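# Breakdown of the fold
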Amino acid sequence: MSVNTERYETAAARYFEAWNATEPEALRKAVAAAWATDGSYTDPLADVRGHEGVAAVIAAAHEQFPGFAFRPLGTVDGHHDVVRFGWELVNEADGSAPVAGFDVVTLDGEGRIRQVMGFLDRVPEGA
């Protein structure tokens, strides 16, 4: 059970805001608000550090899945400086969710992301 759920929920909300930003300037601002300057993002398909690297991974996901949005799946949980949550990538036209995963996030003292370790639970063939 989380002691300070607001901190974890705020970090997750910023994370999803960044992942759902599609315009370059909005993406840049959202990544800067969510991630520490030297924060990282690692999943089976990517391993990047810094705002530019994170923004590039997010932009690539939107290129591969246009018209999709990242949504939380389940509740956000955390303790100390660690947050965990599930997510899915939802087609805004028909509601299908071909991609889903689970992320474990480490926060810095200001609640910004230092590290994301992402796991892909559902991925379509050929993606």
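Below you will find a few notes about this structure. None of these values were measured; they are calculated from a predicted model. (Residues numbered from 1 in each chain as written. Predicted model: local features only at pLDDT ≥ 70, side-chain atom pairs only at ≥ 80, totals over all residues. Heavy atoms only, no water.)

### Considerations on helix H3 (residues 50-64)
Counted only if it meets this: Runs of E in the DSSP output that reach at least two residues are strands. Runs of H or I that reach at least four are helices, and both are numbered from the N terminus. The span expected for a helix works out to 1.5 Å for each residue beyond the first. For the exposure calls, accessible area comes from a 1.4 Å probe over protein chains only, and a residue counts as buried if that area is under 20% of its type's maximum, exposed if over 50%, partly exposed in between. Contacts between residues were defined by any pair of non-hydrogen atoms, one from each residue, lying within 4.5 Å.
Its 15 residues place the ends of H3 22 Å apart at the C-alpha level, agreeing with the 21 Å of an ideal helix rising 1.5 Å per residue. Those residues of H3 lying buried are Gly50, Gly53, Val54, Ala55, Val57, Ile58, Ala61 and His62. Packing partners of the buried residues in H3 comprise helix H1 (5-19), helix H2 (24-34), strand E1 (35-43), strand E2 (46-49) and strand E3 (68-79).

### Some thoughts on unusual backbone geometry
Notably, His80 is not glycine yet its phi reads approximately 50°, a positive angle. Considering the arrangement of structural elements, one finds His80 in the loop between E3 and strand E4 (82-91). Under the relative-accessibility criterion, His80 is labelled exposed at 67%.

### As for the packing of aromatic side chains
To keep it simple, the criterion reads: Note on ring pairs: Phe, Tyr and Trp rings are taken, using the six-membered ring of Trp, and paired if centres are within 6.5 Å. Classes follow the plane angle, with under 30 degrees stacked, over 60 edge-to-face and the rest tilted.
Enumeration according to the criterion identifies nine aromatic pairs in this entry. Arranged with centres 5.4 Å apart and planes meeting at 55°, the rings of Trp19 and Tyr41 form a pair that is tilted. Of this pair, Trp19 sits in helix H1 while Tyr41 is found in strand E1, placing the two residues 22 residues apart along the sequence. Take Trp19 and Tyr41: they sit in the same class, and that class is buried. Ring geometry for Phe65 versus Phe68: centroids 5.5 Å apart, planes at 70°, classification edge-to-face. Since its relative accessible area comes to 15%, Phe68 is described here as buried. Joined through ring pairs, the aromatic side chains of Tyr15, Phe16, Trp19, Trp35, Tyr41, Phe70, Phe85 and Trp87 make up one cluster.

### Here we look at the nonpolar core
The following threshold applies: What makes a nonpolar core is a set of buried Ala, Val, Leu, Ile, Met, Phe, Trp, Tyr and Cys residues whose side-chain atoms join them at distances within 4.5 Å.
In terms of nonpolar packing, the biggest core is built from 33 residues, with Tyr15, Trp19, Val31, Trp35, Tyr41, Phe85 and Ile113 touching the most fellow members. If one sorts the elements of this core by residue count, H1 sits on top with seven residues. In this view, Tyr41 contacts Tyr15, Trp19, Trp35, Ala46, Asp47, Val48, Val54, Val57 and Val116; residues no more than four positions away in its chain are not counted.

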